[in-house]
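# A look at the structure
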Amino acid sequence: MPELPEVEVVRRGLAAAVDGRCIAEVRVLHPRPVRRHLGGPDDFALSLVGRTFAEPRRRGKYLWLPFTDGDALLAHLGMSGQFRVDEADRPLPQHCRVVFGFSDDGPQLRFADQRMFGGLAISVGGAELPDEVAHIAIDLLDPQLDLAALVSRIRTRTSGIKRVLLNQQIVSGIGNIYADEALWLARLHYDTPANAIPAATLTELLGAARRVMTEALAVGGTSFDSLYVNVNGSSGYFERSLNAYGREGLPCLRCGRPMLREPFMNRSSFRCPSCQRPPRRAAERG
DNA sequence: ACTATATCCTGTATGC
DNA sequence: TGCATACAGGATATAG
């Protein structure tokens, strides 16, 4: 599941593959991934021909590929979106939805997406920062991040801390995997009210999140299966470094107690029953 | 404004 | 063997 490190791996791959190249042909094989383009699939394809890509950008889990004309191709990988770069005579990847051919007859760009939660759109004037991304908060790897301000903002929230970490309008880029990793490192229960956490602890938590995402990025991200791969189709290696996510029943790597898996927001949360104790308030709620 | 939940989507795993 | 169900979880619409 692509979170910030995985999206950044893809961004870097795209930078090497498409920067400066001119689109000659676009084929939309399934309408759903371009559903945000109001003109429909055919208009999407025609509108892109003749444009030249500049250096891809990212904020949180959003990715956009600016064109030299000031517009941009906006992309979100959702759960299972992939960009692949391959010679035109190579077979299309499974679940391939959109194919881009270039005027230089070099490798094609292919967008594949099994579950189609992701998608592509044309952002008019979006080369710097697409309007569609303006509501997304700055992410933890952005040099412009004001950590103290973020800590203060988080402390105004009454929701459980994991909900806040997953809220892309407060801090972006964190998904279920890295949220659980950061909470384990900071020894926090996911349901601890954000406004009950000392500023110093929140600073530690965000530092942990930033560290774990930086380390994941360095090894190509986290892959559990073929749903996340880089533009060459290769997996990342961070799964072996996970301390919490997916470790139900396995010993906590700090204290040895068996890790728990609990339902949370239609997904799962993994935590240590001893290092990450529930807050009193959560117990009252039942 | 904030908070919480339902929804979209399909391949894989599991249970009967 | 088949059928049904649970699960994975991004962002967003909607309800409270």
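Attention here is on the structure that accompanies the text. (Residues numbered from 1 in each chain as written. Chains lettered and ligands numbered in written order. Predicted model: local features only at pLDDT ≥ 70, side-chain atom pairs only at ≥ 80, totals over all residues. Heavy atoms only, no water.)

A few words now on the pairing of strand S7 (residues 108-113). Burial of S7 is extensive: six of the six residues sit out of reach of the surface. Burial along S7 is two-sided: the face carrying Gln108, Arg110 and Ala112 and the face carrying Leu109, Phe111 and Asp113 are both buried. Sheet topology places strand S5 (residues 81-86) next to S7; six bridges connect them, and they run antiparallel. Its bridge partner lying in S7, Asp86 is registered against Gln108. (Buried < 20%, exposed > 50% of the residue type's maximum accessible area, 1.4 Å probe, protein only. Helix = DSSP H or I, 4+ residues; strand = E, 2+ residues; numbered from the N terminus. Pairing = 2+ DSSP bridges.)

In the region of DNA strand B, the neighbouring residues are Arg32, His95, Gln114, Arg115, Met116, Phe117, Arg157, Thr158, Ser159, Arg163 and Asn266. A breakdown of the atoms of DNA strand B within 4 Å of the protein gives sugar and phosphate a share of 72%. A distance of 3.1 Å separates a sugar or linking oxygen of DNA strand B from a polar atom in the side chain of Gln114. One nitrogen or oxygen atom from the side chain of Arg163 is found 2.8 Å from a phosphate oxygen belonging to DNA strand B. Residues that form the surface near DNA strand B fall into these classes: two nonpolar, five polar and four charged. (Near = heavy atom within 4 Å. Polar contact = N/O pair within 3.5 Å; in protein donor to acceptor, adjacent residues only side chain to side chain. Nonpolar A, V, L, I, M, F, W, Y, C, P; charged D, E, K, R; others polar.)

It is worth spelling out the environment of Val98 at this point. Within the secondary structure layout, Val98 lies in strand S6 (residues 96-102). Residues Val98 and Ile170, spaced 72 residues apart in sequence, show a C-alpha to C-alpha distance of 32 Å. Contact partners of Val98, with chain neighbours within four places excluded, come to Val26, Arg27, Val34, Phe44, Leu109, Arg110, Phe111 and Leu120. (Contact = heavy atoms within 4.5 Å.)

Strand pairs in the sheet, formed through backbone hydrogen bonds, run parallel or antiparallel to each other. The four strands are arranged S1-S6-S7-S5 in an open sheet whose pairing can be described as antiparallel. Each end of this open sheet is capped by a strand with a single partner; those strands are strand S1 (23-28) and S5. Going across the sheet, the axis of each strand differs from the next one's by a mean of 15°, ignoring polarity. The pairing of S6 with S7 spans four bridges and is antiparallel. In the sheet register, Val98 faces S7, and the bridge partner there is Phe111. On top of the sheet, helix H1 (residues 4-18) reaches S5, S6 and S7; it is set at about 30° to S5, its chief contact. Across the sheet, helix H2 (residues 40-48) touches S1 and S6, and the angle it forms with S1 is around 170°. (Axes fitted to C-alpha atoms, helices over the stretch in contact; angles between N-to-C directions.)

Scanning the model with the defined rule gives six aromatic pairs in all. Here Phe53 and Phe67 contribute two aromatic rings whose centre-to-centre distance is 5.0 Å and whose plane-to-plane angle is 25°, an arrangement assigned as stacked. Separated by 14 residues along the polypeptide, Phe53 in the loop between H2 and strand S2 (57-59) and Phe67 in the loop between strand S3 (62-66) and strand S4 (72-76) bring together distant segments of the chain. Overall, the relative accessible area of 1% leaves Phe53 in the buried class. (Phe/Tyr/Trp six-rings, centres within 6.5 Å; stacked < 30°, edge-to-face > 60°.)

The next point concerns the pattern of salt bridges. When the charged atoms of two side chains lie near each other, side chains of opposite charge can form a pair. What the rule picks out here adds up to 14 salt bridges. Of the charged contacts, one joins Arg11 and Glu55 as a salt bridge, the two residues approaching to 3.4 Å between their closest N and O atoms. In this pair, Arg11 is assigned in helix H1 and Glu55 in the loop between H2 and S2, connecting sequence segments 44 residues apart. Given the relative accessible area of 15%, Arg11 is considered buried. (Salt bridge = Lys/Arg side-chain N within 4 Å of Asp/Glu carboxyl O.)

What follows concerns the state of the cysteines. If you walk through the whole model with that rule in mind, you get zero disulfides. Here Cys272 is not disulfide-linked; the sulfur of Cys255 is the nearest cysteine sulfur, at 3.5 Å. A relative accessible area of 0% places Cys272 in the buried class. Free of any disulfide, Cys275 has its nearest neighbouring cysteine sulfur in Cys272, separated by 3.7 Å. Relative accessible area serves as the criterion here: at 15%, Cys275 is assigned to the buried category. (Disulfide = S-S within 2.5 Å.)

Here the focus is H1. Between its first and last C-alpha atoms H1 spans 20 Å; for 15 residues at 1.5 Å apiece the expected length is 21 Å, and the two agree. Across the 15 residues of H1, 13 count as buried, placing the element largely inside the fold. (Expected span 1.5 Å × (residues − 1).)

Another aspect to go through is the protein's contact with DNA strand C. Contacts to DNA strand C come from 17 residues, most closely from Met79, Phe117, Tyr245, Arg261 and Ser268. Take Tyr62: an N or O atom from its side chain is 2.9 Å from a phosphate oxygen of DNA strand C. Here a phosphate oxygen of DNA strand C sits 2.7 Å away from a polar atom, N or O, in the side chain of Ser268. Each residue belonging to the surface near DNA strand C can be placed in one class, and the counts come to five nonpolar, seven polar and five charged.

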